[in-house]
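The primary structure of each chain is shown beneath.
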Amino acid sequence: MAWKNKTKRIKYILIMLAVIIAIISLVYSHFLVKDLEKEAASKMAIWAEAMHSLNNADENTDLNLVLKILNTNNTIPVIVLNDDGEVELTRNIDFSRLSTADSIENLHNEVNEMRQTDHNIKISYIANEIEADTLANVQYLEILYGNSLVLKRLAIYPYIQITILALFAIIILFVIVSSQRAEQNRVWVGLTKETAHQLGTPISSLIAWMEILRDNYPEDPILPELAKDIDRLNLIVERFSKIGSLPEPQIESVNEVIWHVVNYLKPRSSQNVKFVCYLPKQECHVMMNASLFEWVIENLCKNAIDAMGSKGRIEISVHEEIKRIIIEISDTGKGIAKGQFNSVFEPGYTTKQRGWGLGLSLAKRIVEKYHKGKIFVKSSELGKGTTFRIELRK
């Protein structure tokens, strides 16, 4: 479980760093955008004053500075409206976005968008110089302006940066998890190979002693049971030796595999444990490695016996669908909390005082990696029991 906890810590650290960077970026960009908006408002105030001077200029007014100010605005979009709301002048408006068939309506949509931002300035001018003192002769222009393209890009830049950071964190986490899983797989393979190797010597010794006993006590009733246990040890060595390699699957009967496991476990379990099998009358055949798959069923049944305290009922049902075979193993044990449905398959997870927590992890590996199937906790209720489900492709 150490690698799992380490991965979680790394994940949390990456998430925290990404959140901190995102907050700093958002705050900094917010203030920067506000400063640029203030600067744009100041520039537009000067631009409006230049517009006011241009509209109220006479023939003696020097307009060089005024025209220079008006022409320096090459970024901020501007629309100038008269008293009747008609467009008098536009500047820096991207007409390529506007439909030629209905450009006037689209231009008024731009006007409405600018009004919603409250970016508007009103200036007055004299419509008729002859009657300059007449109040009714004073008219107004409304100058509307929006955010420049640079300001718009800057406003969305933090979100782009956050997305890039999130992708970067995901890639790093994926690399870390992949490398740790590869390391875990190497540990699994090394452990199983070494276990098979270490068991080989004492099993060979037991076989030799078995032959000596047969020669000296041929009628001893213990010998057949001893032979069965030696065969069982050989089977365990065979199973361990296949972990880490890709065993060749063969067409096997699911019914026979189930019966083989039940017939082995039943005489070796408490008389208070009742095995009930619901198997289809017609044989179900799938591609599998019978030796490894029996290990899966055996592990699930042994866990069920432990969960029931060697007293209860184990039901094994098999039914066939169009594209898959469903195997369900139910017990009347203490159950599993809903939040631990996925945790039970993690290496090291166990509720036993002397357990290693490898049985269900190995079962998941055998079903998913070697048989391309699925295994999961279908349902469980504390104090009432658990149902595991295995799905195999036909």
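This report concerns the structure included in the present document. On a predicted model such as this, the values are computed, not experimentally measured, just so you know.

Remarks on the overall build of the protein chain
Then, in step 1: Counting its regular elements, the protein chain contains eight helices and 11 strands.
Then, in step 2: Across the 394 residues in the protein chain, those meeting the buried criterion constitute 35%.
Then, in step 3: Residue pairs in contact within the protein chain that sit at least 24 positions apart in sequence constitute 67% of those at least 6 positions apart.
Then, in step 4: For the protein chain, the computed accessible surface area is about 24600 Å², with 56% contributed by carbon and sulfur atoms.

Details of the sheet that holds strand β11 (residues 385-393)
Then, in step 1: Read across the open sheet, the five strands follow the order β6-β8-β9-β11-β10; overall the sheet is mixed. Because the sheet does not close on itself, it has two edges, and the strands there are β6 (273-278) and β10 (374-381). Between one strand and the next, the sheet's axes are offset by a mean angle of 15°, whatever the strand orientation.
Then, in step 2: Inspection of the sheet shows β6 paired to strand β8 (residues 312-320) by six bridges, in the parallel sense. Within β8, the residue paired with Y278 across the bridge is S317.
Then, in step 3: The strands touched by helix α6 (residues 254-265) within the sheet are β6, β8 and β9 (324-330), with β6 carrying the most contacts at an inclination of about 170°.
Then, in step 4: Sheet contacts for helix α8 (residues 359-370): β10 and β11; angle to β10, the most-contacted strand, approximately 135°.

Focus: the pairing of β9
Then, in step 1: Summarising burial for β9: six of the seven residues are buried, a large majority.
Then, in step 2: Joining the antiparallel neighbours β8 and β9 is a turn of three residues.
Then, in step 3: Across seven bridges, β9 lies against β11 in antiparallel orientation. Its bridge partner lying in β11, I326 is registered against E391.

A few points about a nonpolar patch on the surface
Then, in step 1: Taken together, Y12, I15, V19, I23, V27 and F31 make up a surface patch of nonpolar side chains, about 570 Å² in accessible area.
Then, in step 2: Following the sequence through the fold, I15 ends up in helix α1 (residues 2-55).
Then, in step 3: Taking the relative accessible area as the measure of exposure, I15 reaches 45% and is therefore partly exposed.

Remarks on the environment of K43
Then, in step 1: Relative to the helices and strands, K43 resides in helix α1.
Then, in step 2: With 30 residues separating them in the primary sequence, K43 and N73 have C-alpha atoms 8.5 Å apart.

Points about the packing of aromatic side chains
Then, in step 1: This model, assessed by the stated rule, comprises one aromatic pair.
Then, in step 2: A centroid spacing of 6.1 Å and a plane angle of 90° characterise the contact between F345 and F388, whose relative ring orientation is edge-to-face. Taken together, the positions of F345 in the loop between β9 and α8 and F388 in strand β11 put the pair 43 residues apart, joining distant regions of the chain.
Then, in step 3: Above the plane of the ring of F345 lies K364, whose end atom (NZ or CZ) is 5.2 Å from the centre.

Let's talk about the pairing of β10
Then, in step 1: Looking at chain direction, β10 and β11 are connected through seven bridges and run antiparallel. When the sheet's bridge partners are listed, S380 is paired in β11 with T386.
Then, in step 2: Where β10 folds back onto β11 in an antiparallel hairpin, the turn is made up of three residues, including G383, whose phi is positive at roughly 85°.

Here we look at α8
Then, in step 1: Its 12 residues give α8 an end-to-end C-alpha distance of 16 Å, which sits within 8% of 16 Å, the value for a rise of 1.5 Å per residue.
Then, in step 2: Of all the residues in α8, the buried ones are L360, S361, L362, A363, R365, I366, V367 and Y370.
Then, in step 3: Taken from the residues just after α8, K372 is the one with a positive phi, measuring 55°.

Here's the deal with the nonpolar core
Then, in step 1: Of all hydrophobic cores here, the largest spans 49 residues; its most connected members are V254, I258, F293, I297, I314, I327 and I390.
Then, in step 2: Excluding anything up to four places from it in sequence, I327 contacts V254, I258, F293, I297, I316, S317, V318, F388, R389, I390 and L392.
Then, in step 3: Listed in part, the 15 residues of the second largest apolar core include M51, L70, L141 and I143.

Thoughts on the pattern of salt bridges
Then, in step 1: Across all of its chains, the model carries 14 salt bridges by this definition.
Then, in step 2: Across the salt bridge formed by K228 and E225, the nearest N and O atoms sit 3.6 Å from each other. One end of the pair is K228 and the other is E225, both in helix α5 (residues 222-242) and three residues apart, which spans about a single turn.
Then, in step 3: With a relative accessible area of 42%, E225 lands in the partly exposed category.

Things to note about the side chain of E294
Then, in step 1: Take E294: it is sitting in helix α7 (residues 290-308).
Then, in step 2: Exposure remark for E294: the relative accessible area of 9% places this residue in the buried category.
Then, in step 3: Once you skip the residues sitting within four places of it in the chain, E294 turns out to touch R239, V257, H260 and V261.

Looking at the state of the cysteines
Then, in step 1: One pass over the structure, following the stated rule, counts zero disulfides.
Then, in step 2: We note that C301 lacks a disulfide partner, and the nearest cysteine sulfur, in C277, lies 8.1 Å from it.

Observations regarding the environment of P280
Then, in step 1: Secondary-structure assignment places P280 in the loop between β6 and β7 (285-288).
Then, in step 2: Residue classification places P280 among the partly exposed residues on the basis of a relative accessible area of 23%.
Then, in step 3: P280 sits 40 residues away from E320 along the chain, and the two C-alpha atoms are 8.1 Å apart.
Then, in step 4: Not counting residues within four places of it along the chain, the set of residues in contact with P280 comprises N255 and V318.

Quick notes on the rules
Residues numbered from 1 in each chain as written. Predicted model: local features only at pLDDT ≥ 70, side-chain atom pairs only at ≥ 80, totals over all residues. Heavy atoms only, no water. Helix = DSSP H or I, 4+ residues; strand = E, 2+ residues; numbered from the N terminus. Buried < 20%, exposed > 50% of the residue type's maximum accessible area, 1.4 Å probe, protein only. Contact = heavy atoms within 4.5 Å. Areas by Shrake-Rupley, 256 points an atom, 1.4 Å probe, with all protein chains shown as cover. Pairing = 2+ DSSP bridges. Axes fitted to C-alpha atoms, helices over the stretch in contact; angles between N-to-C directions. Patch = residues over 30% accessible without salt bridge, like charges linked within 9 Å, V, L, I, M, F, W, Y side chains within 5 Å. Salt bridge = Lys/Arg side-chain N within 4 Å of Asp/Glu carboxyl O. Phe/Tyr/Trp six-rings, centres within 6.5 Å; stacked < 30°, edge-to-face > 60°. Lys NZ or Arg CZ within 6 Å of the ring centre and 35° of its normal. Expected span 1.5 Å × (residues − 1). Core = buried A, V, L, I, M, F, W, Y, C linked by side-chain atoms within 4.5 Å. Disulfide = S-S within 2.5 Å.

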